[in-house]
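Survey of secondary and tertiary structure
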Amino acid sequence: MDPIAYVNGSFVPLSEAKVSILDRGFLFADGIYEVSAVLDGKLIDNASHLARLQRSLGEIALELPESLERIEEIQKELIARNELTNGTVYLEVTRGADRGRDFAFPKGVRPTLIMFTSAKDIINAPSAKTGVAVITVPDIRWTRRDIKSVALLAQVLAKQAAAEAGAGEAWMIENGLVTEGGSSSAFILTQDDVLVTRHNSNEILPGCTRKAVLKLAEERQLRVEERPFSIAEALSAKEAFATSASLFVQAVISIDGKPVGTGNPGPMTQRLREIYVEFARATAV
Ligand code: PLP
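Everything quoted here is computed from the prediction, not taken from an experiment.

A short note on the site of the ligand
Looking at the ligand, there are 19 residues lining it, with Arg52, Glu180, Cys208, Thr209 and Ala245 nearest. Here a nitrogen atom of the ligand and a side-chain polar atom of Glu180 are 2.6 Å apart. Here Cys208 contributes a backbone N or O atom positioned 2.8 Å from an oxygen atom of the ligand. Across the complex, the protein chains shield 94% of the 390 Å² of accessible surface that the ligand would expose by itself. Secondary structure elements with two or more residues in the shell around the ligand: α2 (46-59), β9 (177-181), α6 (208-219) and β13 (239-244). Residues of the shell around the ligand, tallied by class, amount to 4 nonpolar, 11 polar and 4 charged.

And the structure:
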């Protein structure tokens, strides 16, 4: 079956889903995206993703092309039309296609809204059991990383470097401290059992999974510190892990070839993953 995509009001076969070469997403990366996980045909933590979509769009002065309620309806219809059980729904909003290529915002141009789904068994992904190796790269991104912009070239290069090194993720470093992963938030568990992840600011994307995991950890009386950490601190930690919508909680077992903790997924990481999955199932829509 040809997968079904959504493009500006229509559900169409993915192979026929097209936008203009003048679309500002294509010409300027002038757009915002979101990725929500799907478990058993239901959206995970979607309200958090839609709230971040609205915020990111506001930060680039782009109007919501549809109400958040309508966007969720479209996400659900796309899941149903694709008979998607487990995976992700990708959505992107751009400032649309003008008649030429002017940098300043065009007037009277409709934003583009597209969506497509990808199947993925997030719960049973092999790396959920084995954990992943991480490499470090300099963080060469712009200074508004809190906006979920489709301008992802720095992350493309970081993740390609990781792939070439046989690693699953790249942790980006700025001023000697970890900002975040190429497509995930970075956490460590210190030797005295404090969960540490960088505080939200313009230096990182405010991860939806990060937010949920922090709340779940605090509800369970785990000590949490939101502050930057270095690779030296991560290598002396008990455990390390990454969070994202498409991974949930994923153990990090080595950094630049050096083991973290025992070099295996740690018990707290595994427990937080289970707790997150319980939360995800209980709140899915
Ligand atoms: N940080 C970056 C740079 C990301 O690209 C992502 C996800 O794509 C995340 C963090 C994790 O965010 P979330 O948990 O909302 O998927």
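Back to the text.
Observations concerning the sheet that holds strand β4 (residues 42-43)
With respect to topology, 6 strands assemble into an open sheet ordered β2-β1-β6-β5-β3-β4, the strand pairing being antiparallel. Strands with a single pairing partner mark the edges of an open sheet, and in this sheet they are β2 (10-13) and β4.

Concerning the side chain of Arg141
Positionally, Arg141 belongs in the loop between β7 (132-138) and α5 (153-164). Looking at Arg141, its side chain comes within polar contact range of the side chain of Glu180, at 2.9 Å. Every residue in contact with Arg141, bar those within four places of it in the chain, is listed here: Ala154, Gln155, Met172, Thr179, Glu180 and Glu203.

Topic: the pairing of β13
Of all the 6 residues making up β13, 6 are buried; the element is thus mostly covered by neighbouring parts of the structure. Of the two faces of β13, the one lined by Glu239, Phe241 and Thr243 and the one lined by Ala240, Ala242 and Ser244 are each fully buried. Bridge count for strand β10 (residues 185-189) against β13 is 5 bridges, and the pairing is antiparallel. Each bridged residue has a counterpart across the sheet, and for Leu189 the counterpart in β13 is Glu239.

Some points on the pattern of salt bridges
In total, this model carries 23 salt bridges according to the counting rule given. Note that Glu219 is salt-bridged to Lys215, the shortest N-O span being 3.0 Å. Of this pair, Glu219 and Lys215 both sit in helix α6, 4 residues apart, roughly one helical turn. Classification of Glu219 as partly exposed rests on a relative accessible area of 43%. For Glu274, the salt bridge identified is with Arg271, shortest N-O distance 3.1 Å. Linking Glu274 with Arg271, this pair stays in helix α8 (residues 267-283), spanning 3 residues, or about one helical turn. Given a relative accessible area of 38%, Arg271 falls into the partly exposed group. Among the charged side chains, a salt-bridge network with shared partners connects Asp139, Arg141, Arg145, Glu174 and Glu180.

Topic: the side chain of Ser185
Turning to its location among the elements, Ser185 is positioned in strand β10. Its relative accessible area of 6% is what places Ser185 among the buried residues. With residues near it in sequence (within four places) discarded, Ser185 still touches Glu180, Gly207, Arg210, Phe241, Ala242 and Thr243.

Notes on the domain arrangement of the protein chain
Taken domain by domain, the protein chain consists of domain 1 (4-119) and domain 2 (126-283). Relative placement of domain 1 and domain 2: their C-alpha centres are 26 Å apart. The interface of domain 1 with domain 2 comprises 21 residues on the first partner and 21 residues on the second. Of the roughly 1800 Å² buried between domain 1 and domain 2 on both sides combined, carbon and sulfur atoms contribute 61%. Area buried by domain 1 at its contact with domain 2 is led by Tyr33, Asp45 and Arg52, which between them contribute 33% of it. Counting across the domain 1 and domain 2 interface gives 3 salt bridges. We note a salt bridge from Arg144 to Glu59, for which the minimum N-O separation is 2.8 Å. Linking domain 1 with domain 2 are 7 residue pairs in polar contact (both at pLDDT 80 or more). Counting only elements with at least two residues in the side of domain 1 that touches domain 2, the list comes to β3 (31-39), α2 and β5 (87-94). The biggest single contributor to the side of domain 1 that touches domain 2 is β3, with 7 residues. Within the side of domain 1 that touches domain 2, the residues separate by chemical class into 9 nonpolar, 5 polar and 7 charged.

Criteria and cut-off values
Residues numbered from 1 in each chain as written. Predicted model: local features only at pLDDT ≥ 70, side-chain atom pairs only at ≥ 80, totals over all residues. Heavy atoms only, no water. Near = heavy atom within 4 Å. Polar contact = N/O pair within 3.5 Å; in protein donor to acceptor, adjacent residues only side chain to side chain. Areas by Shrake-Rupley, 256 points an atom, 1.4 Å probe, with all protein chains shown as cover. Helix = DSSP H or I, 4+ residues; strand = E, 2+ residues; numbered from the N terminus. Nonpolar A, V, L, I, M, F, W, Y, C, P; charged D, E, K, R; others polar. Pairing = 2+ DSSP bridges. Contact = heavy atoms within 4.5 Å. Buried < 20%, exposed > 50% of the residue type's maximum accessible area, 1.4 Å probe, protein only. Salt bridge = Lys/Arg side-chain N within 4 Å of Asp/Glu carboxyl O. Domains from an automatic or database assignment. Buried area = accessible area lost by both parts, 1.4 Å probe.

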